[in-house]
Each structure stands twice: as C-alpha cells, then as structure tokens.
Amino acid sequence: MEQRTVEGRTARARGLHLLRRIAVLLADWEYVLRHQLRAAFDRAEPAALVDDSGTGEPVVLLPGIYETWRFLHPLARRLHAAGHPVHVVSALGDNRMSLEQAADLVQRHLLENHLGDVTIVAHSKGGLVARTLLGRPEVATRIRRVVAISTPFSGSVLAHWIPIPAVHALRPTGPDFVRLATAEVDVSRIVSIWGWFDPHIPGGCALPGARNIEVPVGGHFRILGSPRVLALVDDLTDDFADDVSGR
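Since the model is a prediction, treat every value here as computed from it, not as a measurement.

Attention now goes to the overall build of the chain. Counting secondary structure elements, the chain contains nine helices and six strands. A fraction of 72% describes how many contacts in the chain between residues 6 or more apart in sequence connect residues 24 or more apart. Counting only carbon and sulfur atoms, one obtains 58% of the accessible surface of the chain, whose full area is about 12,300 Å².

Size it by volume and the largest pocket reaches roughly 420 Å³. At three residues, helix H1 (residues 2–40) tops the list of elements feeding residues into the lining of the largest pocket. Residues that form the lining of the largest pocket fall into these classes: 12 nonpolar, seven polar and one charged.

Before going further, it helps to spend a moment on helix H8 (residues 227–236). Those residues of H8 that sit buried are Val229, Leu230, Leu232, Val233 and Leu236. The buried residues of H8 all sit within an arc of 155 degrees when viewed along its axis, so they share a single face. Away from its buried face, by an angle of more than 90 degrees, H8 presents the exposed residues Pro227 and Arg228.

Another aspect to go through is the pairing of strand S1 (residues 59–62). Burial of the side chains of S1 extends over both faces: Val59 and Leu61 are buried on one face and Val60 and Leu62 on the other. Judged from the three bridges that link them, S1 and strand S2 (residues 86–88) form a sheet pairing that is parallel. Across the sheet, the residue bridging to Val60 is His87, located in S2. In terms of handedness, the path from S1 via helix H2 (residues 73–81) over to S2 forms a crossover that is right-handed. Relative to strand S3 (residues 118–123), S1 runs parallel, the two being bridged by four bridges. Bridging across to S3, Val59 finds its partner in Thr119.

Turning next to the packing of helix H3 (residues 99–112) against helix H4 (residues 125–134). Between H3 and H4, the least distance of the axes is 9 Å, while the angle of their chain directions is 70 degrees. Of the possible angle classes, the one that applies to H3 and H4 is roughly perpendicular. Here Leu99, Glu100, Ala102, Ala103, Val106 and Gln107 of H3 come into contact with H4, specifically with Lys125, Leu128, Val129, Thr132 and Leu133. Grouping the constituent residues of the contact of H3 with H4 by class yields seven nonpolar, two polar and two charged.

What follows covers the nonpolar core. Ranked by size, the top nonpolar core spans 36 residues in total, and within it Leu62, Val106, Ile120, Val146 and Ile190 carry the most contacts. When residues in this core are grouped by element, the largest group, six residues, is from H3. Judged by nonpolar contacts, the second largest core, of 29 residues, contains Leu49, Leu72, Val88 and Ile213.

Predicted coordinates in areas of low pLDDT are best not read in detail. Looking at the chain, pLDDT values average 90 and 89% of them are 70 or higher. No element of the chain has a lower mean pLDDT than helix H9 (residues 241–244), at 53, and none a higher one than S3, at 98. Contacts for the low-pLDDT stretch residues 243–247, under 50 throughout, to residues beyond four places or in other chains number six contacts.

A few words on unusual backbone geometry. The phi dihedral of Asp117 falls on the positive side, at around 55 degrees, and the residue is not glycine. Tracing the chain through its elements places Asp117 in the loop between H3 and S3. By relative accessible area, which is 36% here, Asp117 ends up partly exposed. Residue Ser150 is not a glycine yet carries a positive backbone phi of 55 degrees. Take Ser150: it is sitting in the loop between strand S4 (143–149) and helix H6 (165–168).

Thresholds applied
- Every chain is numbered independently, its residues counted from 1 as its sequence is written.
- Predicted model: local features are reported for residues with pLDDT of at least 70 only, side-chain atom pairs are reported and counted for 80 or more only, and whole-chain, interface and lining totals are derived from all residues.
- Side-chain numbers here rest on the full set of heavy atoms in the structure, without hydrogens or water.
- Under the scheme used here, helices are H or I runs from DSSP no shorter than 4 residues and strands are E runs no shorter than 2 residues, and both carry numbers assigned from the N terminus.
- Contacts are assigned to residue pairs with any non-hydrogen atoms lying within 4.5 Å of each other.
- Residue-level accessible areas treat just the shown protein chains as cover; the underlying method is Shrake-Rupley with a 1.4 Å probe.
- Lining residues are defined by having an atom within 4 Å of a point belonging to a cavity or pocket. Those points lie on a 1 Å grid over the protein atoms alone, cavities being sets where a 1.4 Å probe fits but cannot get out and pockets being open sets with protein on both sides within 12 Å along at least five of seven lines.
- Grid points are joined across faces, edges and corners, and a volume is the space filled by probe spheres set on the points.
- Each residue is assigned to one class: nonpolar for Ala, Val, Leu, Ile, Met, Phe, Trp, Tyr, Cys and Pro, charged for Asp, Glu, Lys and Arg, and polar for all the others, Gly among them.
- Each residue is assigned to one of three classes by its accessible area relative to the maximum for its type, calculated with a 1.4 Å probe on protein chains only: buried under 20%, partly exposed between the two thresholds, exposed over 50%.
- This arc corresponds to the set of directions leading from the helix axis out to the C-beta atoms.
- For two strands to pair, DSSP has to find at least two bridges joining them.
- The path from the first strand over the helix to the second decides the hand: if it runs clockwise while the strands point away from the viewer, the crossover is right-handed.
- Where helices are involved, their axes are fitted lines through C-alpha atoms of the stretch in contact, as for all axes, and angles between N-to-C directions lie from 0 to 180°.
- Every angle not falling under 35 degrees, over 145, or within 65 to 115 is termed oblique; those three ranges are roughly parallel, roughly antiparallel and roughly perpendicular.
- The criterion is simple. A nonpolar core is a set of buried Ala, Val, Leu, Ile, Met, Phe, Trp, Tyr and Cys residues joined through side-chain atoms within 4.5 Å.
- The pLDDT value tells you how sure the predictor is about a given residue, anywhere from 0 up to 100.

Right, here's the structure in full:
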C-alpha cells in the first residue's frame, strides 16, 4: 500500500511538471507572436536610440534568428532611458545568415562608428554572433562584455529535425559550432542567462568559463520580459558592471 502511495505521488508530480511545461510553452508562443506582431508595425528609427544625451557606455543589441532588431525594441528603449546609446545593426535583417556573415556586419558597424568599451546584449543566436566576434582580435578589444539571453552555446538537438537551413545550422554538429569549439575566445567576458525550462534548447545554455545564471523563468522568448532578467541586464550594462559581476 505504501509503495502504491509513493508511486501515485510520483505520477502526480510528473503530471504537474508536464502541465507546467505545457503552460510555459503556450505562454512563450503567445509572447513571441504578440511581439512579432508589434515589431511588424514598429516604425521607430534606429537613430533615435543613439544620441549624446546619455552618459552610459554604448550597447549593441543583437536579435535571435527570425527576429529583427525591432523585436527587441522594448529592451532597447529601456537601455536608452538608462542613459546608454543603443546601437542596432539593421543589416542583419531577421538574422538568418551564417554566424560569420552576421559577425562581419556587426564588426563593420563597430568599426565604422568607432565604438569601444561596448556591451553586447543578445538574444538566442545573437549571443553566438557575439561569441564569434570575441574570437576576432581586430574587434574583440572593443567589446567589454556580452550579456547573452537564451543562447544555445552548445547548439540545440532539436535543430537536427528542422529542415529550414537557418535553423538546421544550429545543430550541435553544424559547421558553425565546430568552428566555435576550436576558436580561441575569452569567454570570461560572457554572461549567459537562461530560464529553468527552454523548449527550444533542451540542453541548456551553460558555457564553461563564462558566468552562468539560471533564473526561475520558463521560456525562450518570454524571458525577455521578465523583471528579474531585466534587472540583471540593468546591472550588467551599468558603468560599474565589473564590480557587479563579481558579486
């Protein structure tokens, strides 16, 4: 009887855990659909995020795959309101190109705008683009820190089963990840932030050698609106972030 009771409790716990994950998945897709729709009607100009009124260090915002910079516009406005000139790389489009091609465009933006002491705030694939840049000596010295949110640093096994080329490239055995694994990169400048459950990255986002932070928020997209994550981004983009990151 006691064994049956224990088995019953275990089954109920598993059922509740599964229901919780399903609820997170639904909320995650509600978030992405709502913000992709908002981004489609967003007519703000990138120049409005870059001015000389703030005193903060520059921030470069890198979106994930199938996201334009406008998907991250609410985060951009928050950082700009905190005093940071916020740069976006419009040429990335919806970020479906290879990591090397995307890194070329971001590198050109950094050089043409004479940017230094930059913090890159990136979502998903954007964090992989940032890591690629850290492996380029000619531009790595311009990057102070990378704040990567929900970035698949080891790829995603789910990408094996998706025939869309841009997504399939994110499989762990893809050429981009083989190159990243052999590149000499100072990953100590990377802060990787992810939630307790990410339906798109079942293997997690931990990166050996980086500062890794798991937060009690579920989802791949809705984590971008989490007050806890936004507070972390505020701290890590602060002028004294080097002190904060050591807490």
